Amino acid sequence: MSRIDAKFAELRAAGKKAFVAYVMAGDTDYDTGFEVMQGLPAAGVDIIELGMPFTDPMADGSTIQLAGQRALEGGMTLEMTLQYARDFRKSDDTTPIVMMGYYNPIYSRGVDAFLTDAKEAGIDGLIVVDLPPEEDDELCIPAQAAGINFIRLATPTTDDKRLPTVLQNTSGFVYYVSMTGITGTADVQSDEVAPEVARIKAATNLPVIVGFGIKTPADAKAVASVSDGAVVGSAIVAKIGAGEPVPDVLGFVGELADGAHSD
Amino acid sequence: MAQDLFNSFMTGPDEKGRFGDFGGRFVSETLMPLILELEAQYEKAKTDDSFWAEMHDLWTHYVGRPSPLYYAERLTEHLGGAKIYLKRDELNHTGAHKINNVLGQIILARRMGKTRIIAETGAGQHGVATATVCAKFGLKCIVYMGAHDVERQAPNVFRMRLLGTEVVPVTSGRGTLKDAMNDALRDWVTNVRDTFYCIGTVAGPHPYPAMVRDFQSIIGKEAKEQMMAAEDRLPDTIIAAIGGGSNAMGLFYPFLDDKDVGIIGVEAGGKGVNEKMEHCASLTGGRPGVLHGNRTYLLQDDDGQILEGFSISAGLDYPGIGPEHAWLHDIGRAQYVSITDVEALEAFQLCCQQEGIIPALEPSHALAHVMKIAPDLPKDHIICMNMCGRGDKDIFTVARALDFDMGEFE
């Protein structure tokens, strides 16, 4: 059983929803980023989304883009992001790590080499924003073959006709994007999300996690109550970017986790 | 030669939007349904006579097509070799080839019931063309433009505003054309229901590279007919400048299966194509990667991070190139070379002096390559170069480069 599947089994047994936190590798510098990542499980994070910095994050708002720029200016590379996972695994072998980002740095490294390295580093899943099902041969299918979950985004524009295409070859969980738009901008509307999550759950047995626009513990609670869990990225990254001390950042993460878990 | 393996070079892209390994649809899930819908609508329009009738009517009466094919006699004599023809797309309404494509996309947008048009622009030519056609049809238009370009292309910013377009200066990333494209994509992903993204070049996710090529192919179709009328034969060499590559693809495409016609694309070499990467020559100085919805040659570092291009010409200042060019490059059907800023400036001045034509800096790159090769070619060798834009927009840049004080005029 993969770490992701094991984590959801554990949450189900405990009657809890998942709380997923996104942080950018190398933000604001290598050590700070790693310190935050290492502190996430104790703060209540069930699954870590580890952002891979990219110069042109077309689906992200300015908060994530600036985080990526800070990381790149500090010399962050894909290899160093993998090193985060290797170092993290020295003390934690159960919290799933999902790498999230864009295809070009992976393509540049070479898909096969990347997958081998990612598997060895202890990566459990991938979310690659610019690889829709139409490009599954590129990375999705090789990743599954290498034992790494390929987690797909479903969106408000994914209609019933298209949904089976999106769910095919998806594993681990489904990430429902709560709105048409980019990360870190509008606020989530959980009453709009509820029927969409129900629609997706009717078509798959995979857990459905919701992200985009979740900024407060109350948002996390509201979204978790209508889904299998909530993802928060920009709201956490904004605090890191503002230079808040790591314990304060993790304190905020803890409040978000409590929100998601309180459902 | 690899090209002998192909019966035709004009059949691409395939159903996945690929030209060989290049192209594709590397976009987020939110946009994927929109792109599939666009593809379906374009396929329908493409075979609809009324669509093309509307295009031709506007090309004739609004744009001023066909653009002349002009024998550049003094330039030919000056260079002393090949006979040089210029395809005068700089005479189009709005001063460049960009409007050929914009008309097609806006007519399509209207058919699709879209009421809000967005576009990215570098030098501002595509932005002005889009603003122009939107004004003509009473459509809301928003143009994303890198903050740096807003500054260096102030006249075009003012033109767009006069035409009723909202110009959004892009400060994300480094505030350049690629960032403008990122922000246009962000707008599109946010406003999926009413918005049509009018891309200005033969790049982006399928079907854009093929669609923009088809709209720009009017250049090559006319050139072919005009050349037959003038010389009773096809040219030996056709040449065009390349940023994303839309004017070049428009000239090249109708000639791809005429195997005796040599094809040369000219990239912006900036300060020189070397390890300092101060250029925009994606094919001669980049390697394959994925950006803005397609796989193509990109300027990038060892880690797959995208680099900024550098060129005196804002219109060529893009780290990628259309995927069909990447394919034509790899199979050897077209040859790609680069020209530096200095060489382009020389060609700019020569064209002014010899032909009374002030060219844009973009086609000045193509002309600089003509200057390099024409003298050594026989007098019966015919070159057809696409003069894809006029230089009015560039006079301040050129004045600065030549240390001419524009003083209060600037």
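Residues numbered from 1 in each chain as written. Chains lettered and ligands numbered in written order. Predicted model: local features only at pLDDT ≥ 70, side-chain atom pairs only at ≥ 80, totals over all residues. Heavy atoms only, no water.

Under an unreviewed UniProt entry, chain B has the name Tryptophan synthase beta chain and belongs to Cognatiyoonia sediminum. Quoted verbatim from the Pathway (unreviewed entry) heading of the UniProt record, the comment on chain B is "Amino-acid biosynthesis; L-tryptophan biosynthesis; L-tryptophan from chorismate: step 5/5." Quoted verbatim from the Cofactor (unreviewed entry) field of the UniProt record, the comment on chain B reads "pyridoxal 5'-phosphate". (UniProt positions renumbered as here; feature names shortened; annotations may be inferred.)

Looking at an unreviewed UniProt entry, chain A carries the name Tryptophan synthase alpha chain, with the source organism given as Cognatiyoonia sediminum.

Undergrad: Quick question: what am I supposed to make of the environment of Gly-26 of chain A here?
TA: Residues and elements named next belong to chain A. Here Gly-26 shows up in the loop between strand E1 (18–24) and helix H2 (30–39). Of the residues examined, Gly-26 reaches a relative accessible area of 2% and is grouped as buried. Sequence separation between Gly-26 and Met-80 is 54 residues, and the spatial gap between their C-alpha atoms is 8.2 Å. Beyond its immediate stretch of four places on either side in the chain, Gly-26 contacts Ala-71, Met-76 and Tyr-84. (Helix = DSSP H or I, 4+ residues; strand = E, 2+ residues; numbered from the N terminus. Buried < 20%, exposed > 50% of the residue type's maximum accessible area, 1.4 Å probe, protein only. Contact = heavy atoms within 4.5 Å.)

Undergrad: Got a minute to help me understand the sheet that holds strand E11 (residues 287–291) of chain B in this structure?
TA: In any sheet, the strands associate via hydrogen bonds between backbone groups, in a parallel or an antiparallel arrangement. All names here are of chain B. Read from one edge of the open sheet, four strands run E1-E2-E12-E11, paired in antiparallel fashion. Looking along the sheet, the strands with just one partner apiece sit at the ends: strand E1 (18–19) and E11. Relative to strand E12 (residues 293–298), E11 runs antiparallel, the two sharing five bridges. Paired with Arg-287 across the strands is Leu-298, a residue of E12. Those strands touched by helix H13 (residues 323–331) are E1, strand E2 (22–26) and E12, and its axis lies near 45 degrees from that of E12. (Pairing = 2+ DSSP bridges. Axes fitted to C-alpha atoms, helices over the stretch in contact; angles between N-to-C directions.)

Undergrad: How should I be thinking about the packing of aromatic side chains in this particular structure?
TA: Here the distance between the centres and the angle between the planes together describe a pair of aromatic rings. As enumerated under the stated definition, the model contains 18 aromatic pairs over all chains in all. A cation over an aromatic ring shows up here: Lys-239 of chain A above the ring of Phe-252 of chain A, its NZ or CZ 4.7 Å from the ring centre. Taking NZ or CZ as reference, Lys-136 of chain B lies 5.1 Å from the ring centre of Phe-137 of chain B, over its face. (Phe/Tyr/Trp six-rings, centres within 6.5 Å; stacked < 30°, edge-to-face > 60°. Lys NZ or Arg CZ within 6 Å of the ring centre and 35° of its normal.)

Undergrad: Explain the domain arrangement of chain B here, please?
TA: Much of the literature gives interface size as the accessible area that the parts lose upon coming together. Residues and elements named next belong to chain B. Looking at chain B, the domain boundaries give domain 1 (19–60 + 98–212) and domain 2 (66–95 + 217–405). Taken together, the contacts link 41 residues of domain 1 with 38 residues of domain 2. Between domain 1 and domain 2, a total of about 3200 Å² is buried, with carbon and sulfur atoms accounting for 62% of that surface. Looking at the side of domain 1 facing domain 2, the largest losses of area belong to Phe-22, Phe-26 and Lys-178, adding up to 22% of the total buried there. Along the contact surface separating domain 1 from domain 2 lie two salt bridges. Where domain 1 packs against domain 2, one counts eleven residue pairs in polar contact (both at pLDDT 80 or more). (Domains from an automatic or database assignment. Buried area = accessible area lost by both parts, 1.4 Å probe. Salt bridge = Lys/Arg side-chain N within 4 Å of Asp/Glu carboxyl O. Polar contact = N/O pair within 3.5 Å; in protein donor to acceptor, adjacent residues only side chain to side chain.)

Undergrad: Just checking my understanding: could you explain helix H1 (residues 32–46) of chain B for this structure?
TA: An α-helical segment advances 3.6 residues per turn. Residues three or four places apart therefore align on the same side. The end-to-end C-alpha distance of H1 of chain B, which contains 15 residues, comes to 21 Å, matching closely the 21 Å that a straight helix rising 1.5 Å per residue would cover. For H1 of chain B, the full list of buried residues reads Met-32, Pro-33, Leu-34, Ile-35, Leu-38, Glu-39, Gln-41, Tyr-42 and Ala-45 of chain B. (Expected span 1.5 Å × (residues − 1).)

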